[in-house]
Amino acid sequence: MTEETKRLLESIDTPNDLKRLDVSQLEQVCSELREFIIDQVSTNPGHFGAGLGVVELTVALHYVFNTPYDKLIWDVGHQAYPHKILTGRRKQFHTNRKYKGLSGFPKMDESEYDAFGVGHSSTSISAALGMAIAAKMNKESRHVVAIIGDGSMTAGLAFEGLNNAGIDKSDLLVILNDNNMAIDANVGALKEYLLDITTSKSYNKMRKDVWNILGNLERLGPVARRYVKKIESGVKTALLQQSNLFQSLNFRYFGPIDGHDVERLTQVLNDLKDIPGPKLLHVLTKKGKGYKPAEEDQTIWHAPGVFDKETGLRETTPVDQIVPPRYQDVFGETIVELAEKNPKILGITPAMPSGCSLNIMMEKMPSRAFDVGIAEQHAVTFSAGLAAAGYIPYCNIYSSFMQRAYDNVIHDVALQNLDVVFCLDRGGIVGEDGPTHHGMFDIGFFRIIPNMVVAAPMNEVELRNMMYTAQLGGKGPFSIRYPRGRGVTHDWKQPFTEIEVGKGRTISEGNDVAFVTLGHPGNYAQTAVTRLAKQGIAVGLYDMRFAKPLDEELLHSILKRYRHIITVEDGALQGGFGSAVLEFMADNGYTNSITRLGAPDRFIEHGTVQQLHKDCGIDPESLFQTALKAAMELPTAAETIRK
Ligand SMILES: Cc1ncc(C[n+]2csc(CCOP(=O)(O)OP(=O)(O)O)c2C)c(N)n1
Ligand SMILES: CC(=O)[C@@H](O)[C@H](O)COP(=O)(O)O
Ligand SMILES: [Mg+2]
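As named in an unreviewed UniProt entry, the protein is 1-deoxy-D-xylulose-5-phosphate synthase, taken from Acetobacteroides hydrogenigenes. Taken from UniProt, the Sequence similarities (unreviewed entry) comment for the protein reads in full: "Belongs to the transketolase family. DXPS subfamily."

A. Here's a closer look at the overall build of the protein. Looking only at helices and strands, the protein has 27 helices and 17 strands in total. A compact globule built from 643 residues would reach a C-alpha radius of gyration of about 26 Å, and the protein, at 27 Å, matches this within 12%. On the principal axes, the C-alpha backbone points of the protein span a range of 90 × 60 × 55 Å. Burial analysis of the protein (643 residues in total) assigns 51% to the buried set. Summarising the internal contacts of the protein: among those between residues at least 6 apart in sequence, 77% fall at separations of at least 24.

B. Focus on the pairing of strand β9 (residues 421–424). Alternating positions in β9 separate into two faces, Val421 and Cys423 on one and Phe422 and Leu424 on the other, with burial throughout. Direction of pairing for strand β8 (residues 392–396) relative to β9: parallel, over a ladder of three bridges. Paired with Tyr394 across the bridge in β9 is Val421.

C. Looking closely at the UniProt feature "domain: Transketolase-like pyrimidine-binding" (unreviewed entry) in the protein. Mapped onto this numbering, the UniProt entry annotates "domain: Transketolase-like pyrimidine-binding" (unreviewed entry) at residues 325–490. Annotated as residues 325–490, this span is 41% helix and 14% strand, and its ends, taken at the C-alpha atoms, are 7 Å apart.

D. Spotlight on helix α25 (residues 609–616). Listed as buried for α25 are Leu612, His613 and Cys616. For α25, the angular spread of the buried residues around the axis is 105°, confining them to a single face. Considering only its buried residues, α25 is in contact with β17 (593–599). Phi for Gly617, located one or two positions after α25, is positive at around 75°.

Analysis parameters
Residues numbered from 1 in each chain as written. Chains lettered and ligands numbered in written order. Predicted model: local features only at pLDDT ≥ 70, side-chain atom pairs only at ≥ 80, totals over all residues. UniProt positions renumbered as here; feature names shortened; annotations may be inferred. Helix = DSSP H or I, 4+ residues; strand = E, 2+ residues; numbered from the N terminus. Rg over C-alpha atoms; globule rule 2.2 N^0.38 Å. Buried ≥ 20, exposed ≤ 12 C-beta atoms within 10 Å, placed from the backbone. Contact = placed C-beta atoms within 7 Å. Pairing = 2+ DSSP bridges. Arc of directions from axis to C-beta.

Now the structure itself:
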């Protein structure tokens, strides 16, 4: 290997190593970084297209800024793989998203370069402003940079940050990474606006002319270069700004510039470093840049799973392999079926049409299904408005993203007892995305809201029937939570049956010990019960279906019959379903022994769903052991876990 072709990436352990390179070598670093990501993510899956799109931007940022003293705040953080790789984690990167390995998102306790923990969108500007103001108060000359995508910019929180930053006048740089995509196509007026700026011919001509003049001056030698430096902040500021939305919020707007020209990026970032106050740099990038299949189908390649990097073929379930459907697809197909019969039904998603499968309805009934952008609060209150006007909105929000819209659920929906159906996808442990994305808290936070029904299906047929039941006349707010991944039945498209609200069902009866379950983990309990039966131990199993209202009649009969009950839920124990059962027992004077299984009072990290369920003691094996011990009157596995 000649000196010129010597690989560079392996010599970069920290951004200081990057800074030692000549700016002309950065393009090679970018190409090696891209190759590294493709290689790694093809076998150890994760977020893909977003990271490829910001390779040049990441290299330029670490080249120009003095990280970790200067702070980079990545919005969402799914695009931060290049950042992780350049900041001392290249050698561990093969553990990305694996149990006890690197997190798939920036995380403050993982690295000093991760200035702020993320996973949910649109937090970067507010967090960066906090850091910028702190730096000012501490008299530190620290640069703070928020890097936010065009999709994440659509959320209210991002505008709250801009609104505040615009009057504060702290030194803050916001980089708008505009690839004209969210996970699915970005939507909304802001997207149109950004597209307008990007494609405005006259503005872009002026912008190019200015850059060319400055570029030519620079080439005239050191004296001219000094002048260029001087006039940069003056001329560029004056000429490269145009009256626009961001400027009207007191931000100095720069751009749009090519986000794949690493040398140009370093120049511009260097220029912007010297300009005080709030600034926004509009950078144009391509999601999936440098890997053709990912550039061509950006939604699929947002997080493609395992793939063959040579052919671009993704690992999918073989067509001849019959597997149960994903819960999200059962939702997607069922809402269409229901909407075909009931013209009042509408579908709403905040930017997750392919994630929750509302895209099925969007395709078949475009006027009745709404992607409102990353805007969970708006999605809920928009649904409330539709319900107030007589429609039945099915508002589908991932459980963990619903945390954003809690007040809207209480104030706008429940208080007015409106008929909004909340479909909480990803209820429970989601796996590799980790603590930012696990849907741990919804059972607890929804069941304390007056008027709210809290339902959780044990399988796909129950999901369909709950969705069917929810639209049958004046039920008020009705939530249905179900997990990420596949159900358990093959024959799920059965005729709809109404489920009486607040009624559970008996799956099997036993002697001394019974499982009392909510939702999908009932299947794990069923496996345990079958195994126990083979050993001559009859354990009861009750699928309660509702955390609220509880089936009190069924609970009375269970508590009268069994000495020991084991509640099982895929969610936080504190305040959850088991807590509801305990409250019922206390209120009714029951003193049966009870083991509550679910997530303990700590954040559950990332890993496979199976591994994490095991850690919480709700996988089939742990349930078997817990029931066996209870039947033998030994200390339970759950007690051991909690200790
Ligand atoms: C509050 C919240 N809602 C939804 C999501 C799911 N989500 C993750 S990335 C993403 C798209 C973000 O688009 P953009 O900011 O433009 O980044 P890009 O992927 O295009 O780089 C969405 C909707 C999330 N992480 N947080
Ligand atoms: C970064 C982000 O928030 C999404 O990309 C999320 O990882 C999607 O999760 P699912 O794969 O469960 O749709
Ligand atoms: Mg985008």
